[in-house]
Amino acid sequence: MTVKLVVHRATQEIGGNCVEVTASGGQRLLLDIGRPLDAARGATDLLPATLDLGGAPATILISHPHQDHYGLLQAAPAAWPVHSGAATEKLIKLTAAIVGEPITRDFRTWNSDRPFQAGPFTVTPFLTDHSAFDAYMLLIEVEGRRILYSGDFRLHGRKSSLVTRFMSKPPDDIDVMLLEGTNLGADKPWMSEDELEAQFCRLFGETRGRVFVAWSAQNIDRTVTLYRACLKTGRTLVVDLYTAEVLELLGEYANLPRAGWKQIRVVITSAFANLYRARGNEAFVSRMAEHGIAARRLAETPSEWVVMTRKSLIRDYFRQNVTPDADDAWSWSMWRGYLDGADGQAMQAWLGCNGARACHLHTSGHASPDDLRKFASAMQAGCVVPIHGAAWDTHAAGFDAIRRLGDGEPLVI
Ligand SMILES: [Zn+2]
Ligand SMILES: [Zn+2]
């Protein structure tokens, strides 16, 4: 009996994950079907050339709702079954609807720590700590072999105890571990979300006017960090309609701050409101307006607000006389590299144009190099296949039994 593993993409780069496991009978399982992070907007034909689209349908498992893990789903044959966490399905479908490319195919959803069967494969998902909500590690068992897929994870977020518990009682006899290595070779601070919260508290306290913060609406740990810092400093967190929708949607799965809670307001801007109305969602806009404020309010009592900032909000803010000034501060709370993109540059120009103080407060969604090594050592896998990293060739010291593969190169287990 021969079990074969192929990493179609992500042995040499961060993201675009696509890993195939084939059983001896030819049944296939795909771990993620991600879009490469460097793909141009609108680019098509991005599926890896080594992935066979004919033959037996492959069952797709989506580890978490980040584009570099699910972004090519629509390019996969419609007959291929898809499994993911329940919140992951909702987030993926919500994002797809927003960008006008709705996903209508059915997902089957899993529960953490509950094994399920996909053909000859037994799959056990383990909820993990990552900047995406509802992210999982996946244990695949087939024909006596055991493969652990780390997905994306960290040990310094609000759910770090999930990973430390997993490390204290790892699965037995892992033959192959596919391990992410995003932060190998990087040199940055690895602070916890709690430490970050303390830094935001300081910034909110020191700032006379508003604090404008750019963060991802789907980075729920960060929304919680900002909300807690607001509660501690007497400010109100202002989120946009999209973020309000994400928080409402996830309220089913976790006790998260949302519209209607104290010290959180939804800013109703015309660009976003029109987008929702065009999708026939007037009722949502009206419901959110009950907990909403108009953008002009942000100009009236500046010291009250921590203001969500994204490119698509700037025009409406500007029209309502909301422009950062020397009393204000702004914080980029995402990966610094995004500041170099066209949207990042435009935002930086607007945020800094009148002398508002800049402050980069952020912590990574991925494990530090030390934590990656600790995790690998705890798992005791027969071999470690590096993926989702750009520095594995120069920073593999401290990992045992590395089995370096190229994209598309098969490994018989
Ligand atoms: Zn990723
Ligand atoms: Zn991710």
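Residues numbered from 1 in each chain as written. Chains lettered and ligands numbered in written order. Predicted model: local features only at pLDDT ≥ 70, side-chain atom pairs only at ≥ 80, totals over all residues.

K.L.:
Would you explain the pairing of strand 13 (residues 236-239) in this entry?
P.N.:
As a general feature of sheets, a regular strand has side chains that alternate between the two faces. Note that strand 13 and strand 16 (residues 305-308) share three bridges and pair parallel. Pairing of L237 across the sheet is with V306, part of strand 16. Here three bridges tie strand 13 to strand 14 (residues 264-268), and the two strands are oriented parallel to one another. Note on strand 14: the bridge partner recorded for V238 is R265. Handedness of the crossover joining strand 13 and strand 14 through helix 6 (residues 241-250): right-handed. (Pairing = 2+ DSSP bridges. Helix = DSSP H or I, 4+ residues; strand = E, 2+ residues; numbered from the N terminus. Right-handed = clockwise from strand over helix to strand, strands pointing away.)

K.L.:
Is there a simple way to think about the sheet that holds strand 15 (residues 292-294) in this case?
P.N.:
As a general point, the strands of a sheet are linked pairwise by backbone hydrogen bonds and lie either parallel or antiparallel. If you trace the seven strands from one edge of the open sheet to the other, you get 15-14-13-16-12-17-18, paired in parallel fashion. With partners counted over all chains shown, the strands left at the sheet margins are strand 15 and strand 18 (357-359), one partner each. Strand-to-strand twist in this sheet, taken as the mean axis angle between neighbours without regard to direction, amounts to 30 degrees. Across three bridges, the pairing between strand 17 (residues 329-332) and strand 18 is parallel. Residue pairing across strands places S331 opposite C359, the latter belonging to strand 18. (Axes fitted to C-alpha atoms, helices over the stretch in contact; angles between N-to-C directions.)

K.L.:
Please explain unusual backbone geometry as it appears in this structure.
P.N.:
Where the residue is not glycine, phi is negative for most of them; where a peptide bond is considered, it is trans in most cases. A positive phi angle, close to 55 degrees, is found at D45, a residue other than glycine. Within the secondary structure layout, D45 lies in the loop between strand 3 (28-31) and strand 4 (58-61). For Q263, which is not a glycine, the phi torsion comes out positive at approximately 60 degrees. Considering the arrangement of structural elements, one finds Q263 in the loop between helix 6 and strand 14.

K.L.:
What am I meant to see in helix 5 (residues 220-233) here?
P.N.:
Since one α-helical turn is 3.6 residues long, residues separated by three or four positions face the same way. Its 14 residues place the ends of helix 5 20 Å apart at the C-alpha level, agreeing with the 20 Å of an ideal helix rising 1.5 Å per residue. Each element contacted by the buried residues of helix 5 is listed here: helix 4 (193-206), strand 12 (211-214), strand 13, helix 6, strand 14 and strand 16. After helix 5 finishes, the residue G234 shows a positive phi value of roughly 75 degrees. (Expected span 1.5 Å × (residues − 1). Contact = placed C-beta atoms within 7 Å.)

K.L.:
Teacher, can you tell me more about the packing of helix 4 against helix 5 here?
P.N.:
In a pair of packed helices, the angle between the axes and the distance between the axes together describe the arrangement. Close contact between helix 4 and helix 5 brings their axes to 9 Å; oriented N to C, the two are set at 45 degrees. Classified by the interaxial angle, the pair formed by helix 4 and helix 5 is oblique. For helix 4 against helix 5, the interelement crossing comes out right-handed. Between helix 4 and helix 5, the contacting residues are E193, L196, E197, F200, C201, F204 and G205 on the first element and D221, T225, L226, R228, A229, K232 and T233 on the second. For the contact of helix 4 with helix 5, the per-class residue count stands at six nonpolar, three polar and five charged. (Parallel < 35°, antiparallel > 145°, perpendicular 65-115°, else oblique. Left-handed = near helix turned anticlockwise from the far one by under 90°. Nonpolar A, V, L, I, M, F, W, Y, C, P; charged D, E, K, R; others polar.)

K.L.:
Just to check I follow, could you spell out the sheet that holds strand 6 (residues 108-110) for this structure?
P.N.:
A sheet is described by the order of its strands in space; here seven strands give the open sequence 6-5-4-3-2-1-20, paired in mixed fashion. Only two strands of the sheet have a single neighbouring strand rather than two, namely strand 6 and strand 20 (410-412). For this sheet the average axis-to-axis angle between neighbouring strands, irrespective of direction, equals 25 degrees. Packed onto the sheet, helix 2 (residues 86-98) meets strand 5 (82-85) and strand 6 and runs at close to 105 degrees relative to strand 5.

K.L.:
Explain the environment of A358 here, please?
P.N.:
Secondary-structure assignment places A358 in strand 18. For A358 and T269, which are 89 residues apart along the polypeptide, the C-alpha to C-alpha distance reads 24 Å. Those residues in contact with A358 that lie beyond four places of it in its chain are W330 and G352.

K.L.:
Please clarify how the domain arrangement of the protein chain should be interpreted in this entry.
P.N.:
Where interface size is quoted, it is often the accessible area lost as the parts come together. Per the domain assignment, the segments making up the protein chain are domain 1 (4-186 + 382-412) and domain 2 (193-359). The C-alpha-based centres of domain 1 and domain 2 are spaced at 31 Å. Each partner contributes to the interface: domain 1 provides 12 residues, whereas domain 2 provides 13 residues. Of the residues that constitute the side of domain 1 that touches domain 2, the class distribution is eight nonpolar, two polar and two charged. (Domains from an automatic or database assignment.)

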